Amino acid sequence: MTHIAIFGANHDDRTFFTQHLKGHELAFYDSPVVAAKLNPRAEVVSTFIDTAITPEILDALPKLRLIACRSTGYNNVDIEAAKKRGITVANVPSYGGTTVAEYTFTLLLMLTRRMVEVLRESGTAAPDRERERGTDLFGKTIGIIGTGSIGLGVARIARGFGMEVLGYDVYPRPEEARKLGFTYCDDVSELLQKSDVVTLHVPYTPENHHFLRKEHINKLRHGAIVINTARGELVDTPALVDALRHGHIAGAALDVLEGEYLMDPDKLIALAAHDDAAKQTLRHAVAMAALQHMPNVILTDHNAYNTTEALQRINQTTADNILNFLDGKEVFTV
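Nothing here was measured: the structure is a model prediction, and the numbers come from that model.

Calculation notes
- Residues numbered from 1 in each chain as written.
- Predicted model: local features only at pLDDT ≥ 70, side-chain atom pairs only at ≥ 80, totals over all residues.
- Heavy atoms only, no water.
- Buried < 20%, exposed > 50% of the residue type's maximum accessible area, 1.4 Å probe, protein only.
- Helix = DSSP H or I, 4+ residues; strand = E, 2+ residues; numbered from the N terminus.
- Arc of directions from axis to C-beta.
- Contact = heavy atoms within 4.5 Å.
- Polar contact = N/O pair within 3.5 Å; in protein donor to acceptor, adjacent residues only side chain to side chain.
- 1 Å grid on protein atoms, 1.4 Å probe; cavity = no way out; pocket = protein on both sides within 12 Å on 5 of 7 lines; lining within 4 Å.
- Points joined across faces, edges and corners; volume = space filled by probe spheres on them.
- Nonpolar A, V, L, I, M, F, W, Y, C, P; charged D, E, K, R; others polar.
- Pairing = 2+ DSSP bridges.
- Right-handed = clockwise from strand over helix to strand, strands pointing away.

Draft legend 1. Seen up close, helix H1 (residues 11-20). Turning to H1, its buried residues number three or more, namely Asp 13, Phe 16 and Phe 17. Projected down its long axis, H1 carries its buried residues within an arc of 90°, all on one side. Residues of H1 that are buried make contact with strand E1 (3-7), strand E2 (25-29) and helix H14 (308-326). Of the residues that open H1, the one with a side-chain oxygen 3.1 Å from the backbone nitrogen of Asp 12 is Asn 10.

Set out below in structure tokens:
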């Protein structure tokens, strides 16, 4: 019997893993996880994106052999510290090819049809039709950065709307591009300059930190829209805010943000109270606050993955990863 620690599991997750990991000893922990309360006998940990697997957590688990992420991304795990311990890190490489792609278009349509304004004025005596006026997607060009399962899902939907589709990926998939009828750009600058909408679907790594930085934002077509349902760290938030303020970008819809803790007023006040707070962090905090009050910005809180079907796929793949690892079989490693 293996002791398995499962972090950040809701009621449905607990029911699922209790049924699918029978014969093993399960311990469930709410987020945030306190290292001192962990059972040092745990050989497997399963974690969601809201729990950081820090060296402190790893030190509290001397028998740990597997970290099973219930997500595609794994930047919440200290990979180097895990490698030094010989701990395997597994993930769910594909669960949201349709789910996140559909959410991407939900955000895009909310922006282009100005749904925030429409809903706010719905039922009023004299709605402002000029303020509510949107734009068509038909005939526009969407640039997809990252053409994995989610990016291809976005391309498929975009073609249904009659959009022109451009793609950029360091590992292009020409056969898929041919089937779906889109074109790859040789470099990201070309895609940025030609696209009315730019949407990010690449994993976060230290190498692509602030992938959409000031240099790239300045290359965006005037009046473009930016969508990010991937990872917040891919976007330089202050640079994005500056482009929005000056009208270079028409709008942004973000399901993820770098430094999301800065949206908590208490944490922001605590940060400001420290004389040694880094200027860069304070600048970032101001940008976060500005985003929340911009009429051409939609912010949601890590909700792109959140459908019944996607969560079932995530949990099933995670359970398979755990059981296969314990049986000495292949798992989806990062």
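Next comes the rest of the write-up.
Draft legend 2. Region of interest: empty space enclosed by the protein. Applying the stated criterion to the full structure yields one cavity of 30 Å³ or more. Volume-wise, the largest cavity comes out at about 40 Å³. Around the largest cavity sit Asn 228, Gly 232, Val 235, Thr 237, Leu 240, Leu 254, Val 256, Leu 257 and Glu 258, which together line it. Grouping the amino acids of the lining of the largest cavity by side-chain chemistry returns five nonpolar, three polar and one charged.

Draft legend 3. Structural view of the layout of surface pockets. Taken as a whole, the largest pocket spans an internal volume of roughly 990 Å³. In terms of lining residues, the largest pocket is bounded by 45 residues, among which Thr 72, Ile 150, His 201, Val 202 and Pro 203 are the most central. Counting residues per element, the lining of the largest pocket draws most heavily on helix H7 (residues 149-160), which supplies three residues. The calculated volume of the second largest pocket comes to roughly 760 Å³. Ranked by the residues each element gives to the lining of the second largest pocket, the list is headed by H14, at three residues. Of the residues belonging to the lining of the second largest pocket, the class tally is nine nonpolar, ten polar and nine charged.

Draft legend 4. Expanded view of unusual backbone geometry. The omega torsion of the bond from Ser 31 to Pro 32 falls at -5°, within 30 degrees of zero and hence cis. Secondary-structure assignment places Pro 32 in the loop between E2 and strand E3 (44-47). You will see that Arg 114, though not glycine, has its phi angle at about 50°, which is positive. Its place among the elements puts Arg 114 in the loop between helix H4 (99-112) and helix H5 (115-121). A positive phi angle, near 50°, is found at His 302, a position not held by glycine.

Draft legend 5. Molecular detail of the pairing of strand E7 (residues 164-168). Most of E7 is tucked away: four of the five residues are buried. As paired elements, strand E6 (residues 141-145) and E7 share five bridges and run parallel to each other. Bridged to Ile 144 within E7 is Gly 167. Note that the unit made of E6, H7 and E7 has a crossover that is right-handed. Bridging between E7 and strand E8 (residues 183-184) involves two bridges; their strand directions are parallel. Each bridged residue has a counterpart across the sheet, and for Leu 166 the counterpart in E8 is Thr 183. Viewed along the sheet, the connection from E7 through helix H8 (residues 174-180) into E8 turns out right-handed.

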